[in-house]
Amino acid sequence: MLLPSTFTDLIREFMRLPGVGPKTSERLVFSLLRRKKEDIHAFARALFIFSESVNLCAECFHFTDKNVGDCAICRDSRRERTILCVISDSLDLIALESAGYRGLYHVIGGVINPLKNMHLKDLRVAELITRLKRSFDSSAPVQEIILGFDPNYEGELTASALRRELNGLPIKITRLARGLPQGGDLDYADEITLKEAIRGRREF
Ligand SMILES: [Zn+2]
């Protein structure tokens, strides 16, 4: 071993982050070494607080602060409450927000991917249906569901399966318009393309 295990352990941890290979990871660890001890402690503290305080919204499953219950979006009375966009994870929410979407969300927790052993039953479908049914008895029932999945094979698979699950409910089901880069990620689409995709959404 060229480096002590305290180094290699940290290098291994950084390598678990997306897009970080061994070289980048080594560089990150060595850059930390050049920082003041207080800076490293502040970094470690921020990571610890992050891991301890992030919670999921009881309504839409977007991230929220611990002990708050619903997230800022669900609590915001100015949002359009009759439109609900189903997305795979919160990264897509950030992309849709910057494209000007102002309805509600349901973070379903992934997409169907048989190769990764992810199936419909692993997604928050039951929670979605319960939420929809509850909304039908409220003053602002959900009228439209936008299936906001990535324009790739897994996204298509998930949208079709969800379409079947929602069959029979009194709602319009739409999909983001074509024009998003095929095979790409929603959160990589530029704002204008995404805005167009929301505006031009079609019944599914
Ligand atoms: Zn929420």
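Residues numbered from 1 in each chain as written. Predicted model: local features only at pLDDT ≥ 70, side-chain atom pairs only at ≥ 80, totals over all residues. Heavy atoms only, no water.

The protein is annotated in an unreviewed UniProt entry as Recombination protein RecR. UniProt lists a comment for the protein under the heading Function (unreviewed entry), and it reads "May play a role in DNA repair. It seems to be involved in an RecBC-independent recombinational process of DNA repair. It may act with RecF and RecO." Listed under Sequence similarities (unreviewed entry) in UniProt, the entry text for the protein is "Belongs to the RecR family." (UniProt positions renumbered as here; feature names shortened; annotations may be inferred.)

*Asks:* Is there a simple way to think about the coordination of the zinc ion in this case?
*Replies:* By definition of the ideal shapes, a tetrahedral metal site with four donors has angles of 109.5 degrees and an octahedral site with six donors has angles of 90 or 180 degrees. Protein ligation of the zinc ion involves Cys-57 (SG), Cys-60 (SG), Cys-71 (SG) and Cys-74 (SG), the donor distances falling in the range 2.3 Å. Taken together, the four donor atoms coordinating the zinc ion span angles of 104 to 114 degrees at the metal, a pattern that classifies the geometry as tetrahedral. In primary sequence terms, the donor set of the zinc ion follows C-x2-C-x10-C-x2-C. Note that Cys-57 is positioned in the loop between strand 1 (54–56) and strand 2 (63–65) and Cys-74 in helix 4 (residues 72–75), a separation of 17 residues in sequence. The residues Cys-57 and Cys-74 share a single accessibility class, namely buried. (Donors = N, O, S within 2.8 Å, 3.2 Å for Na, K, Ca; no water. Tetrahedral: all angles 85-135°; square planar, octahedral: opposite > 155°, others 65-115°. Helix = DSSP H or I, 4+ residues; strand = E, 2+ residues; numbered from the N terminus. Buried < 20%, exposed > 50% of the residue type's maximum accessible area, 1.4 Å probe, protein only.)

*Asks:* Please explain the domain arrangement of the protein as it appears in this structure.
*Replies:* As a measure of interface size, the accessible area lost when the parts come together is often cited. On domain assignment, one finds that the protein holds domain 1 (5–55) and domain 2 (77–203). Distance between the C-alpha centres of domain 1 and domain 2: 34 Å. (Domains from an automatic or database assignment.)

*Asks:* Looking at this structure, I do not really get the packing of aromatic side chains. What am I missing?
*Replies:* The description of an aromatic ring pair uses the distance of the two centres, along with the angle that the planes make with each other. Applying the stated criterion to the full structure yields two aromatic pairs. Measuring from ring centre to ring centre gives 5.0 Å for Tyr-101 and Tyr-105, while their planes differ by 65 degrees; the resulting arrangement is edge-to-face. Residue Tyr-101 is classed as buried on the basis of its relative accessible area, which comes to 5%. Taking the ring centre of Phe-204 as reference, the NZ or CZ of Arg-175 above it sits at 4.9 Å. (Phe/Tyr/Trp six-rings, centres within 6.5 Å; stacked < 30°, edge-to-face > 60°. Lys NZ or Arg CZ within 6 Å of the ring centre and 35° of its normal.)

*Asks:* Hey, could you run me through helix 5 (residues 90–98) in this one?
*Replies:* Residues spaced three or four apart along an α-helix point in a common direction, a consequence of the helix completing one turn every 3.6 residues. Among all positions in helix 5, only Ser-90, Asp-92, Leu-93, Ala-95, Leu-96 and Glu-97 are buried. In this fold, the buried residues of helix 5 make contact with strand 2, helix 4, strand 3 (83–87), strand 4 (104–107) and helix 8 (191–199). One side-chain oxygen of the residue at the start of helix 5 lies 3.0 Å from the amide nitrogen of Leu-91, identifying that residue as Asp-89. Where helix 5 ends, the next residue or the one after it, Gly-100, has phi of about 95 degrees, a positive value. (Contact = heavy atoms within 4.5 Å. Polar contact = N/O pair within 3.5 Å; in protein donor to acceptor, adjacent residues only side chain to side chain.)

*Asks:* Honestly, the pairing of strand 6 (residues 172–175) in this entry has me stumped. Any pointers?
*Replies:* Relative to strand 6, strand 5 (residues 144–147) runs parallel, the two sharing four bridges. Bridge pairing in strand 6 links Glu-144 to Lys-172. In this view, the connection linking strand 5 to its parallel neighbour strand 6 by way of helix 7 (residues 153–165) has right-handed handedness. Strand direction decides the pairing type here: strand 6 and strand 7 (residues 202–203), joined by two bridges, are antiparallel. Residue Thr-174 lies in a different strand from strand 7, and its bridge partner there is Glu-203. (Pairing = 2+ DSSP bridges. Right-handed = clockwise from strand over helix to strand, strands pointing away.)

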